[in-house]
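Coordinates in review
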Amino acid sequence: MGCDEQKSIIVIGSGASVKQYPVEEYQKFATIGMNHGILYHDWYTHYTAVDTGMVNAVKDKILSYSGKVWLPLSQYVRTCFSVCQLYKHFFDTSYIMLKTAINLAVKSSLLTSINIAYMLGYNPIYLIGFDGYATHTGGRWFNDEETRKQCILPEFNADAYTGQLYIAGIIARQFRLEGIKVINLNYLSRCTSFEFGDLPI
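One structure accompanies this document, and this report is about it. Because the structure is predicted, anything quoted here is derived from the model rather than measured. (Residues numbered from 1 in each chain as written. Predicted model: local features only at pLDDT ≥ 70, side-chain atom pairs only at ≥ 80, totals over all residues. Heavy atoms only, no water.)

Describing the overall build of the protein
- For the protein, the helix and strand inventory stands at 9 helices and 8 strands.
- When each of the 201 residues of the protein is scored for burial, the buried share is 51%.
- Residue pairs at least 24 apart in sequence account for 55% of intrachain contacts in the protein once pairs closer than 6 positions are excluded.
- For the protein, the accessible surface area stands at approximately 9600 Å², while carbon and sulfur atoms represent 52% of it. (Helix = DSSP H or I, 4+ residues; strand = E, 2+ residues; numbered from the N terminus. Buried < 20%, exposed > 50% of the residue type's maximum accessible area, 1.4 Å probe, protein only. Contact = heavy atoms within 4.5 Å. Areas by Shrake-Rupley, 256 points an atom, 1.4 Å probe, with all protein chains shown as cover.)

Observations concerning the pattern of salt bridges
- Inspection of every chain in the model, using the stated rule, returns 2 salt bridges.
- Here K28 and E25 are joined by a salt bridge, their closest N and O atoms 3.0 Å apart.
- Exposure remark for E25: the relative accessible area of 15% places this residue in the buried category.
- One salt bridge connects K181 with E195, and the closest N-O pair in it is separated by 2.9 Å. One end of the pair, K181, is in the loop between helix 9 (162-178) and strand 7 (182-184); the other, E195, is in strand 8 (residues 195-196), and 14 residues separate them in sequence.
- On the basis of relative accessible area, E195 is assigned to the partly exposed category, the value being 41%. (Salt bridge = Lys/Arg side-chain N within 4 Å of Asp/Glu carboxyl O.)

Some points on the pairing of strand 4 (residues 68-71)
- Two elements, strand 3 (residues 46-48) and strand 4, share 3 bridges in a ladder whose sense is parallel. For T48, the partnering residue across the bridge sits in strand 4 and is W70.
- Of the strand pairs in this sheet, strand 4 and strand 5 (residues 90-92) are connected by 3 bridges, and their pairing is parallel. The partner of L71 across the bridge, within strand 5, is D92. (Pairing = 2+ DSSP bridges.)

Structure below.
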């Protein structure tokens, strides 16, 4: 698969580094947002969440969202929406990890998003907000400048991301073999499996 800037996508995580670029720059690309992000922005072209509690918390926003929604359609999630709503809005993520032959023991919207981008044929895939620090900000970086400053500091407990970083390394190795570029836009990120770079703006 060749690298084509016209087929690029930005995976937007919940880390503080998202404020590295103005929103207007993200809107020039296809995007995958996740978790609480949908409460703040409705311009994502794709949205995902793998935590069922998160899905229920943002249910109303999901239903008014015009992009494509990728959810693990577990029995719990199915009870949150009617059959009609499920058919109209959602794509099941249950099989996505099979695409990269990875048994994802760690629930991660970000790693799921990378695989969605891969499955849809995007290349390169840009990452932002994948900082690797367990800040538990609930996406408040969207509007809270002080939180953004605090979240970039490495002294925050990062243990929660150990499993995700390990799986990211597996994904990175396979993607390199297939010629898929994944570029981390945050040079301070703990995720060093993917190459670092800048958004072409």
